[in-house]
Amino acid sequence: QVQWVESGGGLVQAGGSLRLSCEARGDTFNRAMSWFRQTPGKDREEVASINTVGITWYEGSVKGRFGISRDNAKNGYYLKMNNWKPEDVGGYYCNDEEKLWRSSWGQGTQVAVSS
């Protein structure tokens with residue numbers, strides 16, 4: 001079982017940047033993983049994924065602005081958000097790219113617009 005621990009969220013201004021981190025604790029596998037975003041009141045939505053050899057995929061609204069990366073040696077996964085937009089608000093979660101392997105979720109890390 002993998003415990004997903006997200007961090008790095010906070011307040012960000014429109015046009016700003018923020019880097020989210022995810023640590024996979026416990027038994028891990030060399031597998032594709034994804035970042036998910038959940039707007040309050042809505043289901044989690046996959047926004048980015050990266051496979052075992054670094055090939056990435058992005059949901060259309062974040063393509064060109066977000067960058068997903070991984071460091072297998074550290075069991076670390078990252079999401080760099082550039083040119084942040086208010087519609088990017090929500091809780092961000094990391095998990096396995098394969099739905100059947102998403103048996104548990106972390107608490108996520110929240111990203112909201114700066115006041």
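Structure: above.
In this text the structure is predicted, and so the values were computed from the model without any measurement.

1. Considerations on the nonpolar core
1) Next: Judged by nonpolar contacts, the single largest core of 23 residues is most densely connected at L20, W35, I68, L79, M81, Y92 and V111.
2) Next: Mapped by element, the contributors of at least two residues to this core are β1 (2-7), β3 (18-26), β4 (33-38), β5 (45-50), β7 (66-71), β8 (76-81) and β9 (90-96).
3) Next: Looking at this core, the element that brings in the most residues is β3, giving four residues.

2. A closer look at the pattern of salt bridges
In a structure, side chains of opposite charge can pair up when their charged atoms sit close to one another.
1) Next: Applying the stated criterion across every chain, the model contains five salt bridges.
2) Next: Here E45 and R37 are joined by a salt bridge, their closest N and O atoms 3.6 Å apart.
3) Next: Classification of E45 by relative accessible area gives partly exposed; the value is 35%.
4) Next: On the basis of relative accessible area, R37 is assigned to the buried category, the value being 6%.

3. Here we look at the packing of aromatic side chains
1) Next: For the structure shown, the criterion picks out three aromatic pairs.
2) Next: Ring centres 6.1 Å apart and planes at 90° place the aromatic pair Y93 and W105 in the edge-to-face group. Of this pair, Y93 sits in strand β9 while W105 sits in the loop between β9 and β10 (109-113), and the two are twelve residues apart along the sequence.
3) Next: Classification of W105 as partly exposed rests on a relative accessible area of 30%.
4) Next: Every member of this aromatic cluster is reached through a ring pair, and the members are F36, Y93 and W105.
5) Next: One cation-aromatic arrangement involves R44 over Y93; the distance from NZ or CZ to the ring centre is 4.5 Å.

4. Things to note about the state of the cysteines
1) Next: The full count for this structure, using the stated rule, is one disulfide.
2) Next: At a sulfur-sulfur separation of 1.8 Å, the disulfide partner of C22 is C94. Residues C22 and C94 are joined by a disulfide whose S-S torsion is about 75°; by sign, that bridge is right-handed. Highlighted residues: C22 in strand β3 and C94 in strand β9, separated in sequence by 72 residues.
3) Next: The class of C94 is buried, set by a relative accessible area of 0%.

5. A word on the pairing of β8
1) Next: In terms of burial, β8 is largely enclosed, as five of its six residues are buried.
2) Next: Examined bridge by bridge, β3 and β8 share six bridges and lie antiparallel to one another. Along β8, the bridge assignment pairs L18 with M81.
3) Next: Bridge count for β7 against β8 is six bridges, and the pairing is antiparallel. Bridged to G67 within β8 is K80.
4) Next: Taken together, β7 and the strand that follows it, β8, pair antiparallel across an intervening segment of four residues, in which N75 is found at a positive phi of about 50°.

6. Digging into the pairing of β3
1) Next: With six bridges connecting them, β1 and β3 associate as antiparallel partners. Following the sheet pairing, S7 is matched in β3 by S21.

Calculation criteria
Residues numbered from 1 in each chain as written. Predicted model: local features only at pLDDT ≥ 70, side-chain atom pairs only at ≥ 80, totals over all residues. Heavy atoms only, no water. Core = buried A, V, L, I, M, F, W, Y, C linked by side-chain atoms within 4.5 Å. Buried < 20%, exposed > 50% of the residue type's maximum accessible area, 1.4 Å probe, protein only. Helix = DSSP H or I, 4+ residues; strand = E, 2+ residues; numbered from the N terminus. Salt bridge = Lys/Arg side-chain N within 4 Å of Asp/Glu carboxyl O. Phe/Tyr/Trp six-rings, centres within 6.5 Å; stacked < 30°, edge-to-face > 60°. Lys NZ or Arg CZ within 6 Å of the ring centre and 35° of its normal. Disulfide = S-S within 2.5 Å. Pairing = 2+ DSSP bridges.

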